[in-house]
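What follows is each chain in one-letter form.
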Amino acid sequence: MYNYPNTEGYKTRHYLYLLTTIMSFLFLSHFTYAGTTKNIGTNIPVDDHYGLALEPAPTITYRFLPPAIGQQQIEQFIEQSPVLETIKQLSQRRFIFSPSLQIVFGSEDGPLFDPVTNSIHIPYQFVIEARKRFKNKAGINNQRELNQATEDTLLHTLLHEIGHAYILDRAIPILGKEEDSVDNFATILLLNDIARGDEIAMNSADLFALEDLDIDSFDDADFVSEHSLDLQRYYNILCLVYGSNPSRYQRIFDELPVSDRQQQKERCPEYFSVINQGWLHYLAE
Ligand SMILES: [Zn+2]
């Protein structure tokens with residue numbers, strides 16, 4: 001037990017100390033609240049009242065594993081792609097991860113999100129295969145269009161995997177197939193936040209349609225899969241794109257029989273509205 005020889009002196013010092021502490025607190029808290037606006041729930045300052053924009057740090061990091069022989073070109077293609085910057089920017093304001101989420105390129109397995117290591121894995125081979133499929137697609141006429149379609153698919157795939165990570169991070173309830181929910185997460189972000197996001201969504205939908213062409217017949221494995229069928233994923237993206245702007249995409253269902261076309265046109269605007277509101281509810285502003 002401590003003994004204070006001069007109790008009065010202690011009391012005076014004690015009150016002075018208390019007063020100083022309260023004053024400092026008021027002074028500091030004034031500056032904290034006057035200086036910055038905070039994103040509620042994230043604590044990331046979005047601006048200040050003196051006109052200086054405070055840029056939040058990206059919450060996604062990239063790692064490139066050494067490419068095998070024959071994969072060097074695709075490794076460079078990914079590394080130089082604007083897709084990486086787009087994802088980084090979204091991780092500053094739309095999906096904010098703490099601790100940050102790592103994206104590993106060149107893994108053996110994937111594309112996948114590994115919840116144990118909190119990382120996303122994209123094999124180089126996946127991008128090579130996607131590029132090969134687009135190479136043979138009608139409508140891809142030159143190298144630039146081929147690169148664009150490959151990049152678009154990469155962006156959609158990354159957003160899909162980030163969707164899995166985000167659902168876990170925010171403990172978002174899953175009321176249906178998670179795979180469908182994160183396909184929607186990717187498309188909604190493209191349509192709301194990304195320049196030419198509609199085109200990107202349609203290019204990535206095309207990859208599902210191209211994959212579907214490889215299938216001669218379905219077996220049980222296709223129906224028990226956690227993923228919807230490729231063609232269902234394709235039409236789901238088209239439905240969201242159409243629903244986001246019906247007058248702009250009047251021809252989007254032209255390949256369907258008239259009755260199905262009509263049904264989609266009636267259904268998709270409401271479907272887009274519901275899915276859009278659902279995801280915007282969970283995405284940071
Ligand atoms: Zn998935």
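Reading the values: rules and limits
- Residues numbered from 1 in each chain as written.
- Predicted model: local features only at pLDDT ≥ 70, side-chain atom pairs only at ≥ 80, totals over all residues.
- Heavy atoms only, no water.
- Donors = N, O, S within 2.8 Å, 3.2 Å for Na, K, Ca; no water.
- Tetrahedral: all angles 85-135°; square planar, octahedral: opposite > 155°, others 65-115°.
- Helix = DSSP H or I, 4+ residues; strand = E, 2+ residues; numbered from the N terminus.
- Disulfide = S-S within 2.5 Å.
- Buried < 20%, exposed > 50% of the residue type's maximum accessible area, 1.4 Å probe, protein only.
- Pairing = 2+ DSSP bridges.
- Phe/Tyr/Trp six-rings, centres within 6.5 Å; stacked < 30°, edge-to-face > 60°.
- 1 Å grid on protein atoms, 1.4 Å probe; cavity = no way out; pocket = protein on both sides within 12 Å on 5 of 7 lines; lining within 4 Å.
- Points joined across faces, edges and corners; volume = space filled by probe spheres on them.
- Nonpolar A, V, L, I, M, F, W, Y, C, P; charged D, E, K, R; others polar.
- Axes fitted to C-alpha atoms, helices over the stretch in contact; angles between N-to-C directions.
- Contact = heavy atoms within 4.5 Å.

An unreviewed UniProt entry lists the protein chain under the name Metallopeptidase, with Photobacterium angustum as the source organism.

> How should I be thinking about the coordination of the zinc ion in this particular structure?
Put simply, the ideal angle at a metal is 109.5 degrees for four donors in tetrahedral geometry and 90 or 180 degrees for six donors in octahedral geometry. In this structure, His160 (NE2), His164 (NE2), Glu179 (OE) and Glu179 (OE) serve as the protein donors to the zinc ion, at separations of 2.1 to 2.8 Å. Coordination at the zinc ion comes from four donor atoms whose angles at the metal span 51 to 136°, giving a geometry best classed as irregular. Read from N- to C-terminus, the donor residues coordinating the zinc ion fall into the pattern H-x3-H-x14-E. Of this pair, His164 sits in helix H5 (residues 143–169) while Glu179 is found in helix H6 (residues 178–193), placing the two residues 15 residues apart along the sequence.

> I'm lost on the state of the cysteines in this one. Help?
The bond known as a disulfide is covalent and runs between the sulfur atoms of two cysteines. All chains considered together, the criterion is met by one disulfide. Between the sulfur of Cys239 and that of Cys268 lies a disulfide, 2.0 Å long from S to S. Looking along the S-S bond of the Cys239-Cys268 disulfide, the torsion reads about -110°, which is the left-handed sense. Placement of the pair is Cys239 in helix H9 (residues 230–244) and Cys268 in helix H10 (residues 258–282), with a sequence separation of 29 residues. The pair formed by Cys239 and Cys268 is uniform in burial state, with each residue classed as buried.

> Just checking my understanding: could you explain the pairing of strand S4 (residues 101–105) for this structure?
Regular strands place their side chains on alternate faces of the sheet. Of all the five residues making up S4, four are buried; the element is thus mostly covered by neighbouring parts of the structure. Here strand S3 (residues 60–64) pairs with S4 via five bridges, running parallel. Its bridge partner being in S4, Ile60 is matched across the sheet by Leu101. By the bridge criterion, four bridges tie S4 to strand S6 (residues 119–122) in an arrangement that is parallel. Pairing of Phe105 across the sheet is with Ile122, part of S6.

> In this structure, what is going on with the packing of aromatic side chains? I would like to understand it.
Overall, the coordinates contain 10 aromatic pairs when judged by the stated rule. Between Tyr166 and Phe185, the ring centres sit 5.8 Å apart and the planes meet at 35°, which makes this aromatic pair tilted. Taken together, the residues span a long stretch of sequence, with Tyr166 in helix H5 and Phe185 in helix H6 at a distance of 19 residues. A single burial state applies to Tyr166 and to Phe185, both of which are buried. Geometrically, the ring pair formed by Tyr234 and Tyr235 is edge-to-face, given 4.9 Å between the ring centres and 70° between the ring planes.

> Hey, could you run me through the layout of surface pockets in this one?
Summary: where empty space remains is shown by rolling a probe the size of a single water molecule over the atoms. Here the largest pocket is characterised by a volume of approximately 430 Å³. The wall of the largest pocket is formed by 24 residues, among which Pro111, His160, Glu161, His227 and Arg233 lie closest to the centre. Contributing elements (two or more residues each) for the lining of the largest pocket: strand S5 (112–114), H5, H6, helix H7 (197–213) and H9. The greatest single-element share of the lining of the largest pocket, amounting to eight residues, is contributed by H5. Split by residue class, the lining of the largest pocket holds 10 nonpolar, seven polar and seven charged.

> Looking at this structure, how should I read the sheet that holds S4?
Two pairing modes exist for strands in a sheet, parallel and antiparallel, and in both the strands are linked by backbone hydrogen bonds. In spatial order, the strands read S3-S4-S6-S5; together these four strands make up an open sheet with mixed pairing. A single partner strand is all that each edge strand has here, and the edge strands are S3 and S5. Between one strand axis and the next, the sheet turns by 25° as a mean value, whatever way the strands run. In the packing of helix H3 (residues 83–93) onto the sheet, the strands contacted are S3 and S4, and the crossing angle to S3 comes to about 150°.

> Would you mind showing me how to read H3 here?
Given 3.6 residues per turn, any residue in an α-helix points the same way as the ones three and four places further on. Buried within H3 are the following residues: Val83, Leu84, Ile87, Leu90, Ser91 and Gln92. Tucked into the core, H3 has its buried residues touching S3, helix H2 (72–79), S4, H5 and H6.

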